[in-house]
Amino acid sequence: MKNSIGNKLRYLRRCTVSRLPLATAIHLACFAPAFATPDAQDAPAAQTSAADDQNKSHELGTITVTAQKRVENVQDVPISIDVLSADKLKDMNVADLNDYVKLLPSVSMQDLYLGFSQVYMRGVVSGSNGNHSGPLPSVGVYLDEEPITTIQGNLDMHIYDVERIEALAGPQGTLYGASSQSGTIRIITNKPDPSAFSASVSTELDTIDHGNTGYVTEGYVNLPLSPAAALRVVGWSKQDAGFIDNVFGTRTYPTSGITANNADEVRNDYNFADTRGARAALKVDLNEDWSITPTLAGQGQHANGINAYDPSVGDLKLTHFYPEDFDDHWVQSALTVQGKIGNFDLVYAFAHLNRDDHYDQDYSDYSFWYDTLHGYGSYIHDNNGNLINPAQHITGNDKYRKTSNELRLSSPREQRFRFLVGAFDERQSHDINQQYLIDNLGSDLSVTGHPDTLWLTQQLREDNDSALFGEMNYDLTDTLTATLGGRYYRTDDGLKGFFGFGTGYSSTTGEAACFGPAFEGAPCTNLDKDTKESGSLARANLTYKFDPDKMIYATWSEGFRPGGINRRGTLPPYKADFLTNYEFGWKTEWLDHHLLWNGAVFREDWKDFQFSILGQNGLTEIKNANQAQINGFESNIGWAATYNLMLSAGISLYHSELTANYCGFTDANDNPVTDCADPQAPKGTQLPITPKVKGNLTARYSFDFHGYDAYAQGAAFFEGRRTSDLRIVENQIQGDLPGYGTVDLSTGAKKGLWSVDFYIKNVFDNRGQLARYSECAIDVCGVQTYIVPVQPRTVGVRVTRDF
């Protein structure tokens, strides 16, 4: 019997899989919660009627993932997990991080600058107010087997030819380590397939209300080289249209009376971005048991402007006085070796990442407000002693290097007792060069050897992490399974170099605090600190199956994030913070596999959480704030209502709050103080950034239109009110992020090898707010707040040709 999905419900199309010794490429996921068709081998051998075919075609089938580093049916994995398949990513027009985060109820984010979006899960967020070299991320992001989370944020890779995205909510510390404190996101690419040639190319055009026109061109080719080898090459080119206008304005500095204007920088739609990238993978089956897969991926992005506006200037408008551009280039090489030693599966994964960034940024808000409040401009002069325009602008160059190795061995998953053991090692560095420039600044005020530089940061940060980990599963009965996992880790984090002013501007900091030799072009060394930590994490789970379609589980798990050295070297180091998770969840299918309902309730205790703020001189300050608790509920539902109508929904509800006062300072032993008369955030204060409720609802109807496989789809998204800062006064100045909703619509058709899709994102042009921030400390610059909006209404068309 042929499954009628092929011509009646393409959304439930069966994904192609390729065989690997460890079977890590066997994946099938078609929505969150994912949908997939039953394998053809499960169909009855006897001839069935057309009506029976229709009934079968809208069942929910098996979905296979590798979230626990084993091949498993997602309904058997005792983790709250959402899966977006290749079909779903295409159907929802997902191209980047912003697009897929809105499909994941457990995930929130702040998107302030190109390539440095901060991702959070389950409300575990204290705020991302730091501007440089902040805490390590609390959510790990993986590209296949390799971590791609750098010190300051994860890579924002263009999403194309991706098999699925897995979002694992809750601490994943035992299997994924340091930066998976609150969850892990895994981007799984399509692998080379030696069995058949395939290729595709797509071209897309879009236009943004209040903005310009963009495009996307992308394609892939899968080339079998022999029965045991194949090469897969992917490429993309993309231009994101701008929609923020940099409009004309003037600014008068009160100390000197100097008036500046931005006539040279005025431009409509100035926040455009260009992206180019490619990925290549070679898969070679050495024999039936062993294979190797080397991959090479890279992407370059250039962005002009920022994706934020100043409401005091106007809707989608701002007035900036200096060039603003961001360049982000990265290349990752990786190697995965999979094989068998007897009945045991062995996996070795290696990756090396090079990432280089350059940026120019307007920083005149800082200059204006410090001049207004503190008379800063009265010190800024040229070589003749004349007062000059004190406006600052920043030039920065960051170099990130990251190398990781992981080796793991797992026993056959069919056995009653199963185990997985592994070792992990990661070395990463961040070479920081940041100059705060004032045009025509007097040489007596400049940092030695750096003309026009009022402040220089030239530092090298290193974060090293090594670990041993393991997990054991034992089937106590046919329906009850116990799991116990653990991880022992060691971290070593250091920061060395120079930060500060020249001796002509400060007699106590910068060059005045030097104690060592010149450092990478800086005049000297005035910072050299290191911190080491070690410890262990654990996970315990009980899973009970009522029948093959219904199970419940209870989990206790831990996650952590390493401590580190403050960029302002006069501050003490900050310590690791820890998250403990207590969770009860269920995974069920009903109505003869036509209805799926998964969910979880949990409580998470966050101990000594790291809090990053902009302090004096706009420098990041990281402190262990105190304790917090997050209580939550997550659920998703999928219903194959008829053979051609699919409905799905996801929701998360969070209550996150401080469980002790945040006073803003530590004691003599660097422990957070909780007993103070006037706390900056009292006990019970809501944690920022994450809403109390986030959800989505999607309906997709497939039909035949004059011989074309056609569809119509609607999706609605909602995100509740959020606070922008943990601290009460600062949040009152900067303001809350109001709740908002958006609607996306799409339709399309396919016949043969051609398909065409039309879509509208943010149909009602809602001006939802993704973030609010200031250029410098909120108590100084907070009255000039910037808003990062949801992208305005976007209309697009995509044409695809398969081969």
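Heads up: the structure comes first, above all this text.
Structure report, in brief. (Residues numbered from 1 in each chain as written. Predicted model: local features only at pLDDT ≥ 70, side-chain atom pairs only at ≥ 80, totals over all residues. Heavy atoms only, no water.)

## Re the state of the cysteines
Then step 1. Applying the stated criterion across every chain yields a total of 3 disulfides.
Then step 2. Here C776 connects covalently by a disulfide to C781, the sulfurs 1.8 Å from one another. Disulfide C776-C781: torsion about the S-S bond near 90 degrees, hence right-handed. Considered together, C776 and C781 belong to a single accessibility category, that of buried residues.
Then step 3. Disulfide partners in the protein, listed by the sequence order of the bonded cysteines, are 1-2, 3-4, 5-6. (Disulfide = S-S within 2.5 Å. Buried < 20%, exposed > 50% of the residue type's maximum accessible area, 1.4 Å probe, protein only.)

## Comments concerning the nonpolar core
Then step 1. One finds I244, I306, I380, I438, L454, C776 and V780 to be the most contacted residues of the largest nonpolar core, which totals 48 residues.
Then step 2. Secondary-structure elements contributing two or more residues to this core are α6 (364-374), β25 (453-475), β26 (480-501), β39 (769-773), α8 (778-781) and β40 (786-789).
Then step 3. For this core, the leading source of residues is α6, giving 4 residues.
Then step 4. With residues up to four places along the chain from it excluded, the contact list for I380 reads N386, L387, I388, P390, I438, L441, L445, L454 and Y505. (Core = buried A, V, L, I, M, F, W, Y, C linked by side-chain atoms within 4.5 Å. Helix = DSSP H or I, 4+ residues; strand = E, 2+ residues; numbered from the N terminus. Contact = heavy atoms within 4.5 Å.)

## A short note on unusual backbone geometry
Then step 1. Phi is positive for D592, which is not a glycine, with a value near 55 degrees.
Then step 2. Looking at the element boundaries, D592 is found in the loop between β29 (577-590) and β30 (595-607).
Then step 3. We note that H593 has phi near 70 degrees; this positive angle belongs to a residue other than glycine.
Then step 4. Relative to the assigned elements, H593 resides in the loop between β29 and β30.
Then step 5. The class of H593 is partly exposed, set by a relative accessible area of 24%.

## Quick look at the packing of aromatic side chains
Then step 1. This model, assessed by the stated rule, comprises 24 aromatic pairs.
Then step 2. Consider the rings of Y544 and F546, whose centres lie 5.0 Å apart with planes at 90 degrees: the pair is edge-to-face.
Then step 3. Overall, the relative accessible area of 33% leaves Y544 in the partly exposed class.
Then step 4. Ring geometry for F611 and Y662: centres 5.2 Å apart, planes at 85 degrees, overall edge-to-face. Within this pair, whereas F611 is found in strand β31 (residues 610-614), its partner Y662 is found in the loop between β34 (645-658) and β35 (693-705), the two being separated by 51 residues in sequence. Like F611, the residue Y662 is buried in the burial classification. (Phe/Tyr/Trp six-rings, centres within 6.5 Å; stacked < 30°, edge-to-face > 60°.)

## Section: the sheet that holds strand β7 (residues 146-147)
Then step 1. If you trace the 5 strands from one edge of the open sheet to the other, you get β3-β10-β11-β6-β7, paired in mixed fashion. Each having just a single partner strand, β3 (81-85) and β7 make up the two edges of the open sheet.
Then step 2. Across 5 bridges, the pairing between β3 and strand β10 (residues 162-169) is antiparallel. For D82, the partnering residue across the bridge sits in β10 and is A167. (Pairing = 2+ DSSP bridges.)

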